Amino acid sequence: MSEQVYDLAGKRVWVAGHRGMVGSAIVRRLGDEPIGELITATSAEVDLTRQEPTEAFVARTRPEVVVMAAARVGGIEANRTRQAEFLYENLMIAANVTEAAYRGGVERLVVLGSSCIYPREAPQPMAESSLLTGPLEPTNEGYAIAKIAALELGKMYRRQYGFDAISLMPTNLYGPGDNYDPVSSHVMAALIRKVHEAKVAGAPSVPVWGTGTPRREFLHVDDLADATLLALSTYAGEEHVNVGVGEDISIRELAELICEVIGYEGELEFDPSKPDGMPRKLLDVTRLRGLGWEPRIALRDGIAEAYRWFVEHETVGAG
Ligand code: GFB
């Protein structure tokens, strides 16, 4: 385990984006820590795409630590069709939160990005050093450029001002609080919903976008929260850190696993008219392992838990 570089005890911690899947996992994990105060604000209370309200909020609440989990996110179809929105909103959030944190005397900023920042044809597994070495995946270029800018902002604020910002790049995430909208969701939530609905309807098959051949790595959001808090207390480098589980699965295998967990025995019906996106985006997690971190939630267990959450929160008659 790496030595401690920062102690959260007694600190005022702002989780920007606390209601999202990632933000709420960070809030859950912070519940185990002796922090001084948890600071949160909904997007209705503070519009992080606007500089003045963001700076006024930081000046008023005086956080000592900021976790930037606020973002406009979505799966491949949302990213492909809303590139301007994803680029603009995520760029503004990153710039406003980073500048407000620096001006507000924040001691530690954690920037959360995404594995889509790497080139479409990056050698696999993708090392942090492959950033900006080739063209991006067209379906999520807007979001990727915004997340690259967020990462570079943190690095340059550290270089020029000595501002203690670190950046973490998680792989595809899933878990409680995920977005289950059929169009804007990521693949894990989308397939859980579609397989559940096929089972309930007694449908002979379930539609799966693309060819089923792309491969994806899946990290449970509670594992991400755990890795984030470890990095908060033990990592202070200017280079970003990949956060993943170190193994991937094809979309076909994922769909088969979800069918097994949910107990659906129909067929998978692939739709190649839908985009496949990146052929593969497995992260090289050597740097993360060097911090002494290991994921704890196995994929099958995580899917079973995510399905229970979906049934409880997203289905007819749900709580
Ligand atoms: O999670 P996802 O939407 O985004 O996964 P990416 C897309 C992969 O799953 C593609 C297949 O190969 C899709 O063809 N897929 C199959 C489906 N069925 C479905 C479905 O019903 N819905 C969805 N959404 N996909 C995202 C980026 O890329 O990764 C984001 O767009 C972010 O910006 C996220 O970086 C982590 O993994 O392709």
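Just so you know, these numbers come straight off a predicted model, no measurement behind them.

Peer 1: Mind showing me how you'd approach the overall build of the protein chain here?
Peer 2: Within the protein chain one finds ten helices and twelve strands. For the protein chain, whose C-alpha radius of gyration is 19 Å, the value lies close to the compact-globule estimate of 20 Å for 319 residues. Reported as C-alpha extents along the three principal axes, the dimensions of the protein chain are approximately 60 × 45 × 40 Å. For the protein chain, with 319 residues in total, the buried portion stands at 54%. Within the protein chain, one finds 32 positive and 46 negative side-chain charges whose respective centroids are separated by 2 Å.

Peer 1: For this particular structure, what's the right way to read the site of the ligand?
Peer 2: With respect to spatial proximity, 24 residues lie near the ligand, and among them Ser114, Asn172, Lys194, Pro275 and Asp276 are the closest. One of the side-chain N or O atoms of Asn140 is found 3.5 Å from an oxygen atom in the ligand. The contact in question runs from an oxygen atom of the ligand to an N or O atom on the side chain of Lys281, over 2.8 Å. Isolated, the ligand exposes 700 Å² of accessible area, and the fraction of that covered by the protein chains is 97%. Counting residues per element, the ones that place at least two in the shell around the ligand are α3 (76-81), α6 (187-201) and β7 (205-209). The element contributing the most residues to the shell around the ligand is α6, with four residues. Taken together, the residues that form the shell around the ligand break down as eleven nonpolar, nine polar and four charged.

Peer 1: Can you help me understand the nonpolar core in this one?
Peer 2: Counting 51 residues, the largest nonpolar core has Leu8, Val22, Ile26, Leu30 and Leu112 as the members making the most contacts within it. Only β1 (12-16), α1 (21-30), β3 (65-68), β4 (108-112), α5 (141-161), β5 (165-170), α7 (221-234) and β10 (241-243) provide two or more residues apiece to this core. Broken down by element, the residue count for this core peaks at eight residues, all from α7. Sequence-distant contacts of Leu112, that is, excluding residues within four places in its chain, are made with Val22, Ile26, Val67, Met68, Ala69, Lys147, Leu168 and Thr228. Judged by nonpolar contacts, the second largest core, of 25 residues, contains Ile249, Cys259, Ile262 and Phe310.

Peer 1: Where do I start with the packing of aromatic side chains in this structure?
Peer 2: A ring pair, where both rings are aromatic, is described by two values, the distance of the centres and the angle of the planes. If you walk through the whole model with that rule in mind, you get ten aromatic pairs. Plain terms: the ring middles of Phe86 and Tyr143 are 6.2 Å apart, the flat faces sit at 70° to each other, and that makes the pair edge-to-face. Taken as a pair, Phe86 in helix α4 (residues 83-103) and Tyr143 in helix α5 lie far apart in primary sequence, 57 residues in all. For Tyr143, a relative accessible area of 10% translates into the label buried. Across the ring face of Trp209, the terminal group of Lys274 is positioned such that the distance to the ring centre comes to 4.7 Å.

Peer 1: Teacher, can you tell me more about the pattern of salt bridges here?
Peer 2: Two side chains of opposite charge can pair, provided their charged atoms sit close to one another. With the rule as written, the count across this model stands at 26 salt bridges. Residue Asp226 pairs with Arg296 through a salt bridge whose shortest N-O separation is 3.8 Å. Placement of the pair is Asp226 in helix α7 and Arg296 in the loop between α9 (286-290) and α10 (299-314), with a sequence separation of 70 residues. Asp226 gets classed as buried once you look at its relative accessible area, which sits at 12%. Judged by relative accessible area, Arg296 falls into the exposed class, the value being 66%. Between Glu260 and Arg300 there is a salt bridge, with the nearest N and O atoms lying 2.7 Å from each other. Placement of Glu260 in helix α8 (residues 251-262) and of Arg300 in helix α10 is noted, with a sequence separation of 40 residues between them. The class of Arg300 is partly exposed, set by a relative accessible area of 42%. The network of salt bridges with shared partners includes Arg29, Glu33, Asp226 and Arg296.

Peer 1: Sorry, what's going on with the sheet that holds β5 here?
Peer 2: Across a sheet, strands are paired by hydrogen bonds formed along the backbone, either parallel or antiparallel in direction. Spatial ordering of the open sheet is given by β2-β1-β3-β4-β5-β10, a layout of six strands whose pairing is parallel. The open sheet is flanked by β2 (37-39) and β10, the only strands paired with a single partner. With direction set aside, neighbouring strand axes in the sheet form an average angle of 20°. Alignment of β3 against β4, held across four bridges, turns out to be parallel. Considered in β4, the bridge of Met68 is made with Val111.

Peer 1: Would you take a moment to explain the packing of α8 against α10 for this structure?
Peer 2: For any two helices packed against each other, one specifies the crossing angle of their axes together with the interaxial distance. Where α8 meets α10, the axes come as close as 10 Å, and the angle between the chain directions of the two elements is 60°. Classified by the interaxial angle, the pair formed by α8 and α10 is oblique. Relative to α10, the crossing made by α8 is right-handed. In this structure, α8 contributes Leu254, Leu257, Ile258, Glu260, Val261 and Ile262 to the contact, and α10 contributes Leu299, Arg300, Ile303, Ala304 and Tyr307.

Parameters at a glance
Residues numbered from 1 in each chain as written. Predicted model: local features only at pLDDT ≥ 70, side-chain atom pairs only at ≥ 80, totals over all residues. Heavy atoms only, no water. Helix = DSSP H or I, 4+ residues; strand = E, 2+ residues; numbered from the N terminus. Rg over C-alpha atoms; globule rule 2.2 N^0.38 Å. Buried < 20%, exposed > 50% of the residue type's maximum accessible area, 1.4 Å probe, protein only. Lys, Arg positive; Asp, Glu negative; His and termini not counted. Charge placed at Lys NZ, Arg CZ, Asp CG, Glu CD. Near = heavy atom within 4 Å. Polar contact = N/O pair within 3.5 Å; in protein donor to acceptor, adjacent residues only side chain to side chain. Areas by Shrake-Rupley, 256 points an atom, 1.4 Å probe, with all protein chains shown as cover. Nonpolar A, V, L, I, M, F, W, Y, C, P; charged D, E, K, R; others polar. Core = buried A, V, L, I, M, F, W, Y, C linked by side-chain atoms within 4.5 Å. Contact = heavy atoms within 4.5 Å. Phe/Tyr/Trp six-rings, centres within 6.5 Å; stacked < 30°, edge-to-face > 60°. Lys NZ or Arg CZ within 6 Å of the ring centre and 35° of its normal. Salt bridge = Lys/Arg side-chain N within 4 Å of Asp/Glu carboxyl O. Pairing = 2+ DSSP bridges. Axes fitted to C-alpha atoms, helices over the stretch in contact; angles between N-to-C directions. Parallel < 35°, antiparallel > 145°, perpendicular 65-115°, else oblique. Left-handed = near helix turned anticlockwise from the far one by under 90°.

Keep in mind that these numbers describe shape and distance, not what the molecule does.
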